[in-house]
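Results of the structural survey
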Amino acid sequence: MRKNMKIVHGIPIRDKRRLFKCSECPETFQTQKFLEVHRKKHVRIVPIQCNDCGEVFAQKNLLRRHQAVVHKGIRPFSCKYCDKTFTQRGTCTKKWEPVLL
């Protein structure tokens with residue numbers, strides 16, 4: 001994906017540093033929000049299980065996204081520069097707006 005943005009679209013890729021470290025495991029994240037969402041995995045009170053594959057999630061919204069993407073093959077987001085589609089908003093378009101020189 002990143003290679004596609006740089007080579008096909010000529011859009012520079014920003015340096016993404018992972019400055020927020022989980023205190024429970026070696027994972028690191030780009031934002032405090034991503035870290036907070038991740039931390040919920042470590043304190044899973046009521047796991048929610050996918051009926052199709054058995055994978056377990058800490059939040060209902062993560063299960064719904066998993067079911068749509070993995071089991072239904074839904075790729076609702078598309079690149080405004082090419083015909084590629086993606087499972088997450090911003091994977092292609094939002095974060096990689098062209099830089100005017």
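Counting restarts for each chain: residues are numbered from 1 in the order of the written sequence. This being a predicted model, a pLDDT of at least 70 is required before a residue's local features are given, and a value of 80 or more before pairs of side-chain atoms are given or counted; all residues contribute to the totals for chains, interfaces and linings. Heavy atoms from the whole structure form the basis of all side-chain values; hydrogens and water molecules are not counted.

Further remarks concern the overall build of the protein. Under the scheme used here, helices are H or I runs from DSSP no shorter than 4 residues and strands are E runs no shorter than 2 residues, and both carry numbers assigned from the N terminus. The helix and strand inventory of the protein stands at three helices and six strands. Here, two residues are considered to be in contact whenever any of their heavy atoms come within 4.5 Å of each other. Pairs at least 24 apart in sequence give 20% of the contacts found in the protein among residues at least 6 apart. For the area figures, the Shrake-Rupley method with a 1.4 Å probe applies, and any residue is considered shielded solely by the protein chains shown. Of the roughly 7900 Å² that the protein leaves accessible, carbon and sulfur atoms contribute 52%.

Tracing the sequence through the fold places His-66 in helix H3 (residues 60-71). Residue contacts for His-66: discarding those within four places in its chain leaves Cys-50, Cys-53, Glu-55, Phe-57 and His-71.

Turning to the confidence of the model for the protein, a few remarks are in order. Looking at the protein as a whole, the pLDDT averages 76, with 69% of positions reaching at least 70. Mean pLDDT across the elements of the protein bottoms out in helix H1 (residues 2-7) (50) and peaks in H3 (91). Per-residue confidence from the predictor is given as pLDDT, running between 0 and 100.

With that out of the way, let us pick up H3. Any helix carries an expected span of 1.5 Å times its number of residues minus one. The first and last C-alpha atoms of H3 sit 16 Å apart over twelve residues, in line with the 16 Å expected at 1.5 Å per residue. Once H3 finishes, Gly-73 follows within two positions and takes phi at roughly 70°, a positive value.

In this section: the state of the cysteines. Any two cysteine sulfur atoms within 2.5 Å of one another count as a disulfide. Applying the stated rule across the entire model yields zero disulfides. Distance from the sulfur of Cys-53, which forms no disulfide, to the nearest cysteine sulfur (Cys-50) is 3.8 Å. Burial classification: accessible surface area is computed with a 1.4 Å probe over protein chains only, and a residue below 20% of its type maximum counts as buried, one above 50% as exposed, and the rest as partly exposed. For Cys-53, a relative accessible area of 43% corresponds to the partly exposed category.

A word on the environment of Leu-19. With respect to the helices and strands, the residue Leu-19 is situated in the loop between H1 and strand S1 (20-21). With ten residues separating them in the primary sequence, Leu-19 and Phe-29 have C-alpha atoms 6.2 Å apart.

Following the sequence through the fold, His-38 ends up in helix H2 (residues 32-39). The class for His-38 is buried, based on a relative accessible area of 8%. Apart from residues lying up to four places away in sequence, His-38 is in contact with Cys-22, Cys-25, Glu-27 and Phe-29.

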